[in-house]
Amino acid sequence: MQTAYKFKLQPNKKQVELLEDWQQKVGYIQNRSLGDRIATYSNTFVQGDYCDLYSRRFVCSAYLYCDLETQVLVSPLHCSVSKSASLGYPWKTDNPKLRRAKPDKDGRIKPFNPKRSAVELHSSWLTEFKKTHPEYSTVNADVLQQSLRHIDSAFNKFFTSGAGFPNFKQHSRVGFEFKPGTVRINKNYITFPTLGTMRFFDSREIPPSWEIRTVTISRDIDCWYVAVLLRDETVPDVPLKPLSECKTIQGADVGIKKLVALSDGLIIENPQFLKLAARRIEIRQRRVSRKTKGSNNRKKAAKRLARTHQKVRRKREDHQWKAAKKMAGNADITAFENLNIKGMKSRCKPRVDPVSGRYIKNGQAAKSALNKAISDAAWYSLRQKTLHQAAKLGNRVIEVDPKYTSQECPECHQISSENRDKEKFVCVACGHSDDADVNGAVNQAHRGKKKLGIDSLLVVSQKVTPTKPASQEASSVPRDESRNPAKSTVKRRQLLLLKVKSTQSEPKSRTLF
Ligand SMILES: [Zn+2]
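Below is a summary of the structure that appears in this document. The residue count restarts for each chain, going from 1 along the sequence in the order it is written. Reporting in this predicted model follows two pLDDT cut-offs: at least 70 for local features of residues, and 80 or more for side-chain atom pairs to be given and counted; totals over whole chains, interfaces and linings ignore these cut-offs and use all residues. No hydrogens and no water enter the side-chain calculation; it runs on all heavy atoms of the structure.

## Quick look at the overall build of the chain
Segments assigned H or I by DSSP are reported as helices when at least four residues long, segments assigned E as strands when at least two residues long, and all are numbered from the N terminus. The secondary structure content of the chain amounts to 10 helices and 23 strands. Counting all 513 residues of the chain, 36% fall into the buried class. Surface exposure here means Shrake-Rupley accessible area, sampled with a 1.4 Å probe, where a residue is shielded only by the protein chains that are shown. For the chain, the accessible surface area stands at approximately 31,700 Å², while carbon and sulfur atoms represent 53% of it. Note on exposure labels: buried denotes an accessible area under 20% of the residue type's maximum, exposed denotes more than 50%, and partly exposed covers the range between, all computed with a 1.4 Å probe on protein chains only.

Written out as structure tokens, the structure reads:
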């Protein structure tokens, strides 16, 4: 099993200077490596008579020379022999002793590839580069090499696993990774190669049986941090529960006023930390903009502003982790809506007055406040945290279609916009009533059940469906206030497992996670 702990470092002044110097150098190497990867990749699409693929200059007669054998004019192309990188020497050593042909999975031995891979090319370039730039020898060699490997994996992930395209990094955001076995930890002292020993806040104890793997130093507004990856092979990973063993399913409806409403009636409020700090941010932002550009005072003010944002971020993270932990242990499967958050935050279309041809109000001002609130709620990050917490327990998180979850009646499946009256849900057809968000969560749980195609799943719900005989009280009678989930407190709520009758046979579909 692997896990990571993050600690705050206490470097001394010299070490801080060294770390800042490293950031500049590692940042330059990383960005140059990425730039080369991008340039070489785009060169593979270049068509035409270019003399130099980088500058895309046309073939100039001065650059042409005549091939003596064929009597044909030849242009000396400067393109690389490698498709993936152009920095560095492209060929592997030709020494037959060093030719390593490894057998693959099926036992077949691949022929020796004389070309270096992109990361090998860059690695050999770095060695040459350091000869001409001796100031780079102050940086730990492994740290520089690891940074090249990071660029390589980021670039490859874009093409293979659908990750985002790697960006050029600001040097102040660059971190360093140390190889396993190079960093030692003793009580609250940590020793890095080249950097030396520094103290750190040992806010949590590292179990002695855990082996220290890669160690990464990163920088935040206030201080430097170290993330330690720990591994203990004697501790097994928690396996995901097989679907046949899953017994309960819950829906989780995310929103702005209520961060999450669960199908069992549990409601987690959204404190809207960004909104709470909006005035303070506004004041501090103004103080930054009124100071002279490039002045020390401006830098100080900017740091103060950044601290305010950091506090908001940390409060949100803390709240979300707590919420995620609560949700993940509530049921075997949690169903979230598959929301198009980017689409929800898109700008309103511009409206043009047909008479005057001028732009008129399109409601974007009001929308931008909503967009801010959506960003502040950070639903995606909440889902990821729930997934993380659920994985620790072997529980699952799935995604369901969000269409009409707030308008559908879970009793009679009537879909109507009239069903919803702000925060209350009252079905126009059968009179079923509930908190609108909890009702949405119940719908999601049912959809999740349908998607998985397991009829035996119990939907974790607060209310028992009217299985009573029709002679008893009419279902349209509104329930008393104390049973209204919106008004009841968390303590009073009880988890009632409700067995839902399997009314129809549903098709099977695959799980997302
Ligand atoms: Zn109904």
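## A few points about a nonpolar patch on the surface
On the surface, a nonpolar cluster with roughly 490 Å² of combined accessible area is contributed by Tyr 41, Phe 45, Phe 158, Phe 159 and Phe 165. Among the secondary structure elements, Phe 158 is positioned in helix α3 (residues 141-160). Patch definition: residues with relative accessible area over 30% and no salt bridge; like charges joined within 9 Å; nonpolar side chains (Val, Leu, Ile, Met, Phe, Trp, Tyr) joined within 5 Å. Think of a salt bridge as a Lys or Arg side-chain nitrogen and an Asp or Glu carboxyl oxygen that are within 4 Å of each other.

## Some words on the packing of helix α6 (residues 296-328) against helix α9 (residues 379-393)
Close contact between α6 and α9 brings their axes to 8 Å; oriented N to C, the two are set at 45°. Accordingly, the angle class assigned to the pair α6 and α9 is oblique. Considering only the axes of α6 and α9, their crossing is right-handed. Contacts from Glu 317, Gln 320, Trp 321, Ala 323, Ala 324, Lys 325, Met 327 and Ala 328 of α6 reach α9 at Ser 381, Leu 382, Lys 385, Thr 386, His 388, Gln 389, Ala 390 and Leu 393. Geometry is summarised by axes, namely lines fitted to C-alpha atoms with helices restricted to the contacting stretch, and by angles between N-to-C directions that run from 0 to 180 degrees. Should an angle fall under 35 degrees it is taken as roughly parallel, and over 145 as roughly antiparallel, whereas 65 to 115 is taken as roughly perpendicular and any remaining angle as oblique. Each helix crossing is assigned a hand: it is left-handed if the near helix lies turned anticlockwise from the far helix by less than a right angle, otherwise right-handed if that turn is clockwise. Note on definitions: a residue-residue contact is assigned when non-hydrogen atoms from the two residues lie within 4.5 Å.

## Structural notes on the sheet that holds strand β9 (residues 196-201)
Note on pairing: two strands pair once DSSP finds at least 2 bridges between them. Strand order in the open sheet made by the seven strands is β6-β10-β11-β1-β9-β8-β7, with antiparallel pairing throughout. This sheet does not close on itself; its edge strands, each paired only once, are β6 (176-178) and β7 (184-186). The mean inter-strand angle of the sheet, taken between neighbouring strand axes irrespective of direction, is 35°. Alignment of β6 against strand β10 (residues 211-219), held across three bridges, turns out to be antiparallel. Within the sheet, the bridge partner assigned to Glu 177 lies in β10 and is Thr 216. Along the sheet face, helix α1 (residues 13-43) touches β6, β9, β10 and β11 (224-231) and points at about 100° away from the line of β6.

## Things to note about the sheet that holds strand β20 (residues 424-426)
Taken together, three strands build an open sheet; the order of strands is β19-β20-β21 and the sheet is antiparallel. The open sheet has two edge strands with one neighbour each: β19 (420-421) and β21 (433-435). One ladder, built from two bridges, connects β19 with β20; its direction is antiparallel. Of the residues in β20, the one forming a bridge with Arg 420 is Phe 425. Of the strands in this sheet, β19, β20 and β21 touch helix α10 (residues 436-452), which is tilted by about 100° from β21.

## Some details on the coordination of the zinc ion
Looking at the zinc ion, the protein donor atoms are Cys 409 (SG), Cys 412 (SG), Cys 427 (SG) and Cys 430 (SG), and they sit 2.2 to 2.3 Å from it. The site at the zinc ion holds four donor atoms, and with the angles between them running 105 to 113°, its shape is tetrahedral. Along the chain, the residues donating to the zinc ion fall in the pattern C-x2-C-x14-C-x2-C. Of the residues examined, Cys 409 reaches a relative accessible area of 0% and is grouped as buried. With relative accessibility at 35%, the residue Cys 412 sits in the partly exposed group. Atoms are scored as donors when they are N, O or S and lie within 2.8 Å of the metal, with 3.2 Å used for Na, K and Ca; no water is included, so coordination may look incomplete. Each label reflects the angles at the metal, where four donors whose angles all fall between 85 and 135 degrees are tetrahedral, four or six donors whose opposite pairs open beyond 155 degrees and whose other angles stay between 65 and 115 are square planar or octahedral respectively, and the rest are irregular.

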